[in-house]
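This is what each chain is made of:
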Amino acid sequence: INDASAIQARAAAVAALTDITGRVDGETSLGGVVELGGRTLCPGLYTSTIAMQIISGDLILDAGGKRDALFIFRMPTTLSTSADRHVILAGGANANNIFWSTGTAATFAA
């Protein structure tokens, strides 16, 4: 890729991925295959030893009034969602501060 904008975007994506995968402070390990649906989560680093899914309900991310709050979800395999499920931002949560790191794939049902 020789386009300057594409090169800059790739560098930013690599830097973000390196940051996400290297974080350990404040980690909340949720276990194996984790169902996020039906939960309300505060800012933090959430990890799974296998996969994460949003199937049984909507996921609410509540920043608690902190506009710079980060939500990081890290799993070694897949992220899956079912149709009609949503990630709802509350308490000033900002979509630009939510990061999903999957080891293999993300599947979003329509």
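This section reports on the structure supplied with the text. Everything numeric here is computed off the predicted structure, so don't read it as measured data. Every chain is numbered independently, its residues counted from 1 as its sequence is written. Side-chain atom pairs in this predicted model are given and counted only at pLDDT of 80 or more, local residue features only at pLDDT of at least 70, and totals for whole chains, interfaces and linings cover all residues. Excluding hydrogens and water, the side-chain figures rest on all heavy atoms present in the structure.

1. Some words on the sheet that holds strand E3 (residues 40-41)
When DSSP finds at least two bridges between two strands, those strands are taken to pair. A run of H or I in DSSP becomes a helix once it reaches four residues, and a run of E becomes a strand once it reaches two; helices and strands are each numbered from the N terminus. The strand order E3-E6-E9 describes an open sheet built from three strands, whose pairing is parallel. Unpaired on one side and paired on the other, E3 and strand E9 (87-90) mark the two borders of the sheet.

2. Points about the packing of aromatic side chains
The rule is short: rings of Phe, Tyr and Trp, with Trp giving its six-membered ring, pair when the centres are within 6.5 Å, and they are stacked under 30 degrees, edge-to-face over 60, tilted in between. Tallied over the full model, the rule gives two aromatic pairs. Ring centres of Tyr46 and Phe73 lie 5.5 Å apart, and the angle between their planes is 15 degrees; on these two criteria the pair is classed as stacked. Linking Tyr46 in strand E4 (residues 44-47) with Phe73 in strand E7 (residues 71-75), this pair joins segments that are 27 residues apart in sequence. We classify Tyr46 as buried; its relative accessible area is 6%. Ring plane angle 15 degrees and centroid distance 4.3 Å describe the contact between Phe73 and Trp100, whose orientation is recorded as stacked. In this pair, Phe73 is assigned in strand E7 and Trp100 in strand E10 (residues 98-102), connecting sequence segments 27 residues apart. Here the term buried applies to any residue with accessible area under 20% of the maximum for its type, exposed to any over 50%, and partly exposed to those in between, with areas from a 1.4 Å probe on protein chains only.

3. Brief notes about a nonpolar patch on the surface
A surface patch of nonpolar side chains, about 220 Å² in accessible area, is lined by Val87, Leu89 and Trp100. Looking at the secondary structure, you find Leu89 in strand E9. Surface patches are drawn from residues lacking salt bridges whose relative accessible area is over 30%; two like charges belong together within 9 Å, two nonpolar side chains (Val, Leu, Ile, Met, Phe, Trp, Tyr) within 5 Å. The accessible surface values rely on the Shrake-Rupley method and a 1.4 Å probe; as for residues, cover is taken only from the protein chains in view. Think of a salt bridge as a Lys or Arg side-chain nitrogen and an Asp or Glu carboxyl oxygen that are within 4 Å of each other.

4. Observations regarding the nonpolar core
Counting residues in hydrophobic clusters, the biggest one holds 16 residues, and the most contacted among them are Leu36, Leu41, Met52, Leu59, Leu61, Phe71 and Phe73. Contributing elements (two or more residues each) for this core: strand E5 (51-54), strand E6 (59-62) and E7. Sort the elements by how many residues they give to this core and E7 lands first, with three residues. Residues count as neighbours in contact if any of their non-hydrogen atoms are within 4.5 Å of one another. Apart from residues lying up to four places away in sequence, Leu41 is in contact with Leu36, Tyr46, Leu59, Ile60, Leu61, Asp62, Phe71 and Phe73. Among the buried residues, those of types Ala, Val, Leu, Ile, Met, Phe, Trp, Tyr and Cys that are joined through side-chain atoms within 4.5 Å form a nonpolar core.

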